[in-house]
Every structure is written in C-alpha cells, then in structure tokens.
Amino acid sequence: MKKNVLTAIFLCFLGVLQIALAQTNVTGHVTDSLTGEPLVGANIREIGGKGSATTNDSGAFSISVSGANSSLQVTYIGYQSQQVSVAGQATVHISLVRIGDALDEVVVVGYGTRRKSQLTGAISSISSAELKETPVVFIDQALQGRAAGVDVVSAGHRPGEGATVRIRGVNSISAGNDPLYVVDGIPVSRGVNLINPNFIESIEVLKDASATAIYGSRGSNGVILITTKQGKAGRTQFSYESYAGFSRILNKVDVLDGEEWVRYKEASRRTDDLTVLLDPIELANYNAGIEVDWVDLNLRDGLQHSHSLSSSGGNEKTKFSVDVNFLKQNGIVYNSDFTRGSLQFNVNHKVNERFNFGLTTLLFMSKTNLINAGAVLSQAMQISPLGDIYEDDGRYRLFPTNEALIGNPLANVDNERNQQIRNRMFSSLFAEYQIIEGLKYRLNFGPDLTFSNDGNFIGSYTTILQGAPNRASNSRDDTKAYTLENLLMYNREFGNGHEIDLTLLQSIQEEITESNTVSAMGMPSEKMLWHKLSAGEIRSYDSDQQGWSLLSYMARLNYAYKGKYMLTLTARRDGSSRFGDDRKFGFFPAFAMGWNIKQENFMSDVSGLTELKLRASHGSVGNTAINPYQSLGAVSRSGYVFGDETALGFRPSTLPNPDLRWEKSTTTNIGLDFGLFNNRLTGALEYYVVNTTDLLLNQSVPRLSGYSSILVNIGKTRNVGYEASISSTNVDAGGFKWVTNLNLGANQNKIVDLYGNEADDIGNSRFIGKPISVFYDLAFDGIWQEHEAEIAESYGRIPGQIKVKDTNNDSQINAEDRVILGSPFPKWQGGLTNYFSYKGIDLSVFIHTRQGFMLNSSLHTIDNLAGRYNIPRFVNYYTPDNPSNEFPRPVNQGQTNVNMGVLRYRDGSFVRVKNISLGYTFNAKSLAALRLQSLRVYLNAFNPFTFTSYEGWDPEAGSNVDSYPSTKTFLAGLSVNF
C-alpha cells in the first residue's frame with residue numbers, strides 16, 4: 001500500500017513537472033492600429049488555458065502560456081478583439097483596430113456607461129493619462145483648462161489650498177454654485193480634495209440637464225463623476241511613482257527700498273528734512289546704510305515630494321487593487337505646509353454568472369499648517385524698510401520702528417500656530433444580481449466619515465498680544481454621512497436594430513455634523529499649544545449639531561435605433577429636509593435626442609467626413625445648497641436685565657418661511673460632434689441657455705417687524721454660452737507624433753429679475769440685465785494735470801488728485817456718477833495642449849487662459865498714499881517732477897486721497913503656461929535585465945510663465961495685500977512598473 005502511494009505521488013510529480021516545463025513566457029505590446037499609441041489596461045488571455053495578463057502604462061504585457069503553439073485573445077473596450085497565434089515567438093506585437101471610430105469610446109455616465117456614439121447629453125471626459133501630465137495635489141486643479149465650459153480658479157496658493165470650480169457659469173445669487181461630486185457612483189457632499197489624483201482612472205463632467213437630471217436636486221451646477229482605479233484580471237503587477245522638486249515665488253511684488261522710502265516720505269510731507277521724515281530708528285539705519293527686505297525674510301524655497309506604491313491583479317472571478325500615497329508640500333512662507341497620507345483598496349468578486357459584489361475604500365489623513373496672513377504677509381508688505389529686526393538681547397523686536405500698528409512679521413511666524421487635521425474614510429460598496437437576462441438589481445451603499453480637528457495658538461510675544469497672556473483654541477467637527485441606493489437596470493436589443501436601456505432608482509442620503517469649540521488663555525507653557533486647554537483660563541466653549549437628508553426617486557430610459565437615432569428620457573423626484581413641510585419635494589424632468597447623421601445612406605459618399613452627430617436636450621434640475629433649518633426660523637442667545645441682574649435668554653433671530661422650496665434651473669442645449677479625415681480632427685460644439693427661477697434670495701422686510709430680511713424664492717437669472725472642444729493629430733509619421741487639444745468656453749450670465757418689480761438692487765450691486773456679480777463704482781479717468789487746473793477746480797480738485805468720470809455731465813462728482821465697471825467672471829476661458837512624441841521621448845505643453853474679467857485689488861490702494869506704510873514699487877505716484885497719470889500725489893498722514901478706492905479695479909486677464917512636461921520611456925528590451933516592465937522618467941515645470949498686465953501677486957488668486965504668493969514649481973519624477 002505504501003509503495004502504491006509513493007508511486008502515485010511520483011507520477012503526479014512527473015505530470016506537474018511536465019506541465020511546468022511546457023510553460024512558455026511571452027511578452028509583447030498592444031497598440032492602437034491607427035495612432036501607434038500604447039493601450040493601457042488591455043486584457044490578454046490564453047485561449048483554452050489559464051494564463052492572463054493586463055497591459056501596463058506603456059502597453060507592455062507578460063503572460064505564461066501552456067505551449068509554444070498557444071493562441072491569445074486580446075480585448076480592449078472600444079476596439080475589435082483579436083486572436084493572435086504565439087507560433088513559437090517569445091515576443092509579439094499586437095495592433096488593435098478601433099470599433100468604428102472615436103465616437104464608440106465608452107464614457108462613464110450617471111449609474112452606468114454609454115458608448116460615446118450613443119450620448120445625447122453634453123459630457124467632457126478627462127483620462128488618467130491626461131491627469132498624469134500635471135502632478136497636482138488636488139483633483140480640481142487637474143480640471144483647469146481641460147474641459148470646455150469648466151472655469152477653475154485657485155482659491156489661494158498656500159499649501160493645501162484647493163480651487164473654486166464653476167460649470168457653465170454661476171446660476172444662483174445666494175445658494176451654492178459648486179458642482180456635485182460623485183465618486184464611484186456615490187454622491188459626495190463635502191468635496192473631494194483629500195482624494196489622491198493618482199487613484200483616479202477617469203473624470204467625466206456632466207454639463208447639460210439631460211446628463212445631470214438623474215441627480216436632480218444637486219445637479220443644477222453640473223456634476224463631476226470620478227472613477228477610481230479598479231483591479232484587472234492578470235498576474236499581480238506593482239508600480240511605483242515618485243516626484244520631488246521645489247517651488248519658488250511666481251511674481252514677487254517688490255516694495256520700496258530705503259532710498260525710495262525716503263523719497264516717498266518727502267513727497268508726502270513736502271519736506272526733505274530727514275528728522276521730520278524718519279523716526280530715530282529709521283534715521284540711524286538710513287545713515288548707516290542698513291535696510292531690510294521684509295518680504296524676502298519671510299520667503300523660502302518650498303520643497304515638495306510625493307510617493308505612490310500600487311498593486312493590482314486577480315483572475316476572472318476576483319480582481320483587486322491597492323494604492324498607497326504620501327505627499328508633503330512645504331510652502332514658500334515659513335511655517336506653512338501640507339501633508340497627506342492616503343490609501344485606496346478595491347476588490348471585486350464574481351460569485352457566479354448572476355451575482356457579483358465589490359468594495360472600494362478610500363482612507364485619507366491630512367495635516368495643514370497655516371500662517372496668519374494678515375499678521376505676516378500684510379505686515380511684511382507695509383513695514384518700513386529702515387526698521388530693526390532684533391532687540392539688543394537678540395529677541396525679535398515687536399515693532400521695528402515707532403509705528404505702532406505695523407509689527408514684526410517674524411515674531412508672529414515664530415509664535416503663532418494654526419493647524420488643521422482632516423481624517424476621512426469613504427467607501428463605495430455594491431452588490432449586483434442578474435434576475436433574468438438583461439435585468440439586473442444593484443445595491444449601492446456609501447458611508448462617508450470625516451473628522452476635523454483645528455487648533456490655533458497665539459503666543460504672548462506677538463504683535464497681536466504684545467505681552468498679554470497667550471491664547472489658544474481647539475475646534476472639532478465630526479461628520480457622518482451615508483448614501484443608500486436601490487437600482488433596477490434593464491437592457492435589451494430587439495427587432496431590427498432597436499435597443500433600450502432602462503434605469504430605476506430609489507435613494508436616500510443623510511448627513512449629520514457635530515461640533516464643539518473651546519478657547520482659553522494663559523496656558524502655563526506655550527509648548528502646550530491647544531492640547532491641554534483646561535490648564536489655562538477657559539474663555540468660551542460651544543457645541544452644535546446640524547443635519548440634513550434627501551429622499552429621491554429616478555427613472556431614465558435610453559433608446560437607440562440602428563445607431564442612428566437616440567432618445568433619452570429622465571425624471572427625478574427629490575425630497576429635501578431643508579424646505580418647508582409642504583414644499584420638500586421637487587420634480588425634475590429632462591429629455592434629449594441624438595442623430596448620427598453620418599450613418600445615413602445619403603452621407604455615405606461624403607468624403608473627408610468620418611463622424612457627424614447632432615444632439616439636443618432640454619430639462620430641469622434643482623438646487624438645495626442652503627444651510628439646514630432655513631424654513632424653520634432660528635433663535636439666538638441674548639442678554640437682558642432681569643431685576644437688578646443681567647440674565648441670558650433667547651430671542652428669534654430669523655423669520656421662518658414654511659413656503660421655502662427648490663431653486664430650479666432649466667437648460668436647453670444643442671451640440672454637434674464631428675470627426676474629419678479619418679478622425680485626425682475631432683471635436684464638439686455646444687450652445688446652451690440656462691434659466692434659473694425661484695432663486696433662494698434674502699428679501700428685505702420693514703424694520704418695524706424686528707427683522708431685516710427673510711429667505712424667499714424670488715428672482716431669475718440666465719446663463720448663455722458657447723463651447724468648443726477640438727482634437728487634432730497634426731503629424732503622425734516616421735515615429736514622430738504631434739497632437740493638439742483645444743477647448744474654449746464663453747459664458748454670459750445676467751439677472752433677469754430680482755424682487756418681481758423689475759427694479760435694481762443698487763445697495764447690493766445687483767442690476768437687471770447685468771452679471772450676477774459686478775463692480776459698481778466711480779470710473780477712474782487719470783490724474784488731474786497742471787494744464788487741467790481750472791477744470792479740476794470746478795470739481796473741487798487740484799492737480800495731482802484722482803480724476804473720475806462725470807458720467808452724467810452735471811459738473812459734480814457724487815454717487816450718481818457710479819457705473820458698472822466690470823465683473824469677476826471671464827468673458828471666455830480655455831486651454832491648449834500640445835503633445836509631441838518621438839520613439840521614447842514625450843513632451844507636452846499646456847497653456848491656460850482667462851480673459852475679460854476684473855479684479856478688486858487692495859494692493860493698489862495701500863496706505864492711501866499717505867506716507868505712513870510702505871507701498872509696492874509699481875505705484876508710479878504723481879509729483880510735480882513726475883506728472884504720472886496712474887496714481888495720485890501722496891498726501892500727509894491724516895489726510896485723504898479722495899476717491900482712492902477707484903484704483904482697486906484692474907483687468908485680470910492672463911495667459912499662463914500651466915505645465916511643461918518632458919519625459920523619456922525606456923525601451924522594454926533595455927529593462928529586461930532589471931526585470932522591469934516599464935520605466936519613465938520626467939521633468940515637469942508647473943506655472944513657469946504667466947503673461948498679464950496685472951502687477952500684483954497673481955491675477956488668479958493674489959490681488960490682496962495678505963494674499964499668499966503664487967508659485968512656480970519644478971519637479972523630477974519617475975514611474976516604474978514591475
């Protein structure tokens with residue numbers, strides 16, 4: 001018996017050995033047959049065998065097959081599948097042919113995917129390859145200039161600062177205008193800036209009502225769909241991506257040096273007596289030739305580095321991916337930095353032919369150290385260059401001169417701390433069951449937990465406290481949210497070319513935020529910061545809870561006939577806890593039609609035209625972006641006298657409005673998709689009109705009521721715009737390729753009605769027929785010159801003072817002369833990207849522009865030109881020897897430069913080279929010895945050049961005295977797959 005067992009084991013061993021010896025390793029590349037571009041994520045499997053693989057970022061793959069004569073099945077979405085015989089080859093090169101054309105690309109839409117040729121709505125797509133071109137910290141930064149009609153403006157340049165995203169303009173005056181973000185099918189209410197851009201597979205921007213109506217109440221400002229990377233069948237693969245570099249100030253706003261400061265004081269005081277112009281400290285430093293560049297003292301090179309490690313793989317039943325990232329960004333101002341650690345885990349499992357489920361979990365931790373911009377940058381800009389940095393004992397001198405209102409910014413940097421910590425867990429879980437052929441049930445569940453911890457500390461030795469007891473505070477917010485969705489999806493093809501796709505949805509979303517704040521003073525040790533507030537004297541404490549919920553139902557029907565005619569019908573009903581009891585629910589319908597004209601027989605002989613599709617849509621979506629409980633009214637704590645004592649009570653603070661209801665936006669969109677010359681030139685043109693009604697707006701009420709206003713539904717706005725997206729393959733020959741992508745968007749918004757009486761609201765600068773936000777003031781018309789002395793006198797002015805336009809020609813300047821000067825919204829904006837590649841070398845240049853918008857720049861009105869604080873060097877002020885027509889003559893301290901505020905309004909138009917990336921991908925053969933599948937190294941320049949007439953920090957987000965300076969960043973990085 002024992003001998004028989006040993007014999008059996010030996011025979012099994014021989015069989016396994018024979019199989020192992022028969023195994024053959026095959027490597028290769030999969031490319032696009034037309035362009036030669038590598039196809040990332042193509043699936044390769046052995047026909048009749050168990051081997052499988054997936055192509056990496058360079059289109060390369062490696063697969064073990066059972067024999068030298070095996071055959072491979074190669075598939076990729078949007079391309080014809082192909083069978084390839086190994087025929088004893090160790091390396092095979094496979095070129096896949098596109099299915100039809102560019103319009104058959106698969107695009108993610110809400111609750112599913114569609115071939116681009118079947119789309120009826122306005123959707124822009126951004127691939128992971130495009131995202132990788134610019135190593136950005138946040139997702140919204142990657143959107144800038146990449147999608148027509150999407151206006152992305154940096155909210156600031158400090159580390160950890162995000163951006164403001166507007167899709168097709170601004171619709172609402174008081175309610176929110178932020179788009180809805182949806183991550184792996186789950187709507188997210190608190191932004192997505194903690195998500196590492198490396199984790200993203202694609203981004204789709206839904207812009208018209210047909211595309212956004214499935215999200216109803218939250219789709220009025222557009223929808224951004226984010227799809228994270230998923231595991232793919234094949235052997236387990238690893239990749240490592242890293243970059244490091246430094247940032248420097250993009251445009252330093254120089255202020256006056258010591259000699260220029262003295263000349264400025266002379267012009268202000270009308271004397272050259274140094275004992276009058278300078279205080280003793282300044283005078284001593286001036287005579288000694290000592291001066292300080294306070295701005296330079298607070299700046300440094302900001303180091304930045306990022307490291308990502310990922311792994312993915314699986315088989316036909318179970319696929320997984322894991323991504324880990326660490327990022328550190330030091331700001332160019334001392335004690336400002338941003339740190340983020342993130343983890344993504346994804347697994348999908350196919351139980352059987354009917355049932356599958358999956359989970360994606362994203363974990364993030366970030367820490368941001370901020371500076372008090374008003375106490376650092378603002379003071380550095382305005383402090384005298386002739387002050388002392390240190391006291392005699394080596395400490396920072398709190399006030400470098402005898403000026404008591406502008407202190408030493410270095411003391412504040414060293415003795416203040418502002419820290420924000422964010423921990424977040426977001427998950428997307430699904431289970432899908434095929435009931436019968438074509439009919440599926442899907443359950444989506446998305447928990448979203450965010451924990452915020454903000455600390456603030458002001459030391460005793462700062463210009464704010466000046467030796468008084470230190471102060472500290474700590475705020476904590478815990479937000480718990482979830483989304484639960486039930487979906488039925490039915491897809492069927494029948495008859496001769498008929499196809500229907502039906503989706504039914506029931507959804508609930510809820511969010512609750514609990515917060516508490518404690519502040520104290522007199523901490524016994526300043527090293528304690530805010531971590532033991534009970535050790536000091538508690539000054540205040542508070543707590544709060546706030547919540548909201550949504551209940552939704554949706555139905556969508558897609559119909560297509562022979563790929564020529566498409567129809568989409570959508571209806572959604574949403575109920576929001578934010579509105580009155582009888583007004584909670586809103587109904588949002590939409591329809592869209594598409595016609596693939598090129599598929600018609602009469603177009604078959606049209607040469608040069610590859611694709612032509614006409615789209616039209618009309619529908620409504622809602623906006624619920626107001627704070628909870630607005631329909632109920634609110635009370636606030638108030639003190640009152642009760643007998644001989646002061647007591648605390650509560651009084652009504654806002655009026656309730658049980659009739660508060662949805663703000664509604666109705667969009668009409670007409671689009672044309674085209675392809676020319678075998679799709680070497682492709683693009684889309686869009687025209688849209690968005691009418692928003694029932695604006696959520698505060699309306700004034702008589703003061704006798706005890707209130708000043710009430711939130712009501714009143715007023716109308718309109719957005720009209722044009723968009724163009726064009727892609728061109730300019731050269732594709734001899735291994736050299738040049739591709740250009742261009743997108744342009746022009747939008748004009750205006751107020752149609754405010755309070756139902758066709759009257760303007762001058763006090764709030766709101767005007768019928770004008771943009772939602774405008775600058776309404778007197779118009780600058782130069783500086784009064786000597787030869788205009790007589791005319792100036794008639795207006796009560798003298799040469800050297802500001803001249804403004806007498807717009808109504810009544811020979812006097814007053815409020816009646818105010819006009820609309822401009823708007824912060826651009827007339828048009830766009831992006832241009834050129835890609836060049838030759839063999840392993842690649843180069844991309846991305847240019848972004850915003851044109852025709854106005855800034856309100858406080859940098860241009862520092863000090864009222866009164867000779868007290870320092871001013872930017874670009875201020876070309878008037879003197880008798882320098883009859884400037886830009887800035888007035890400085891006045892003495894205590895005097896006023898009349899109408900100085902009109903100098904704040906500046907043209908902010910700019911053209912910016914946003915990104916230049918130069919890379920080299922090593923040949924696969926050269927990497928074989930290192931057992932690497934691919935290796936790419938690159939150099940990247942972010943914001944290297946900006947062209948603008950604006951003299952401040954930055955026209956995008958740097959028009960104030962205390963704005964954090966914008967930066968240009970230079971990075972070196974690598975991407976390796978193994």
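A quick note: this is a predicted structure, and the numbers were derived from the prediction, not measured.

Digging into the sheet that holds strand β4 (residues 60-65)
(1) Moving on: Strand order in the open sheet formed by three strands is β4-β1-β7, and the pairing between neighbours is mixed. With one partner strand each, in any of the chains shown, β4 and β7 (91-96) form the two edges of the open sheet. Each neighbouring strand pair of the sheet contributes to a mean axis angle of 30°, computed without reference to strand direction.
(2) Moving on: Note: strand β1 (residues 24-32) against β4, six bridges, orientation antiparallel. Paired with Thr24 across the two strands is Val65, which belongs to β4.

A short note on unusual backbone geometry
(1) Moving on: Although it is not a glycine, Gln466 sits at a positive phi angle of roughly 50°.
(2) Moving on: Looking at the element boundaries, Gln466 is found in the loop between β23 (439-458) and β24 (471-494).
(3) Moving on: Although it is not a glycine, Asp694 sits at a positive phi angle of roughly 55°.
(4) Moving on: Its location among the elements puts Asp694 in the loop between β33 (681-693) and β34 (696-700).

Let's talk about the pairing of strand β31 (residues 645-654)
(1) Moving on: Pairing of strand β30 (residues 634-642) with β31 involves nine bridges; the strand directions are antiparallel. Considered in β31, the bridge of Tyr640 is made with Ala647.

A look at the side chain of Glu403
(1) Moving on: Within the element layout of this structure, Glu403 appears in the loop between α9 (373-382) and α10 (409-415).
(2) Moving on: Here Leu405 takes part through its backbone nitrogen, which lies 2.9 Å from a polar atom of the side chain of Glu403.
(3) Moving on: Every residue in contact with Glu403, bar those within four places of it in the chain, is listed here: Asp279, Arg868 and Tyr869.

Here's the deal with the nonpolar core
Inside soluble globular proteins, nonpolar side chains tend to come together where they are buried.
(1) Moving on: In terms of nonpolar packing, the biggest core is built from 50 residues, with Val333, Met381, Leu859, Leu865, Ile871 and Tyr877 touching the most fellow members.
(2) Moving on: Contributions of two or more residues to this core are made by α5 (258-269), α8 (294-297), α9, α10 and β40 (802-804).
(3) Moving on: Ignoring any residue separated from it by four or fewer positions in sequence, one finds Ile871 in contact with Val255, Leu256, Tyr264, Ile862, Asp863, Leu865 and Tyr877.
(4) Moving on: By size, the runner-up hydrophobic cluster in this structure holds 28 residues, among which are Ile167, Val183, Val192 and Phe942.

Description of the environment of Val804
(1) Moving on: Here Val804 shows up in strand β40.
(2) Moving on: Taking the relative accessible area as the measure of exposure, Val804 reaches 8% and is therefore buried.
(3) Moving on: Residues Val804 and Arg422 lie 382 residues apart in sequence; the distance between their C-alpha atoms is 49 Å.
(4) Moving on: With sequence-adjacent residues up to four places away left out, Val804 is seen in contact with Leu778, Ala779, Asp781, Ile813, Asn899 and Val902.

Quick notes on the rules
Residues numbered from 1 in each chain as written. Predicted model: local features only at pLDDT ≥ 70, side-chain atom pairs only at ≥ 80, totals over all residues. Heavy atoms only, no water. Pairing = 2+ DSSP bridges. Helix = DSSP H or I, 4+ residues; strand = E, 2+ residues; numbered from the N terminus. Axes fitted to C-alpha atoms, helices over the stretch in contact; angles between N-to-C directions. Polar contact = N/O pair within 3.5 Å; in protein donor to acceptor, adjacent residues only side chain to side chain. Contact = heavy atoms within 4.5 Å. Core = buried A, V, L, I, M, F, W, Y, C linked by side-chain atoms within 4.5 Å. Buried < 20%, exposed > 50% of the residue type's maximum accessible area, 1.4 Å probe, protein only.

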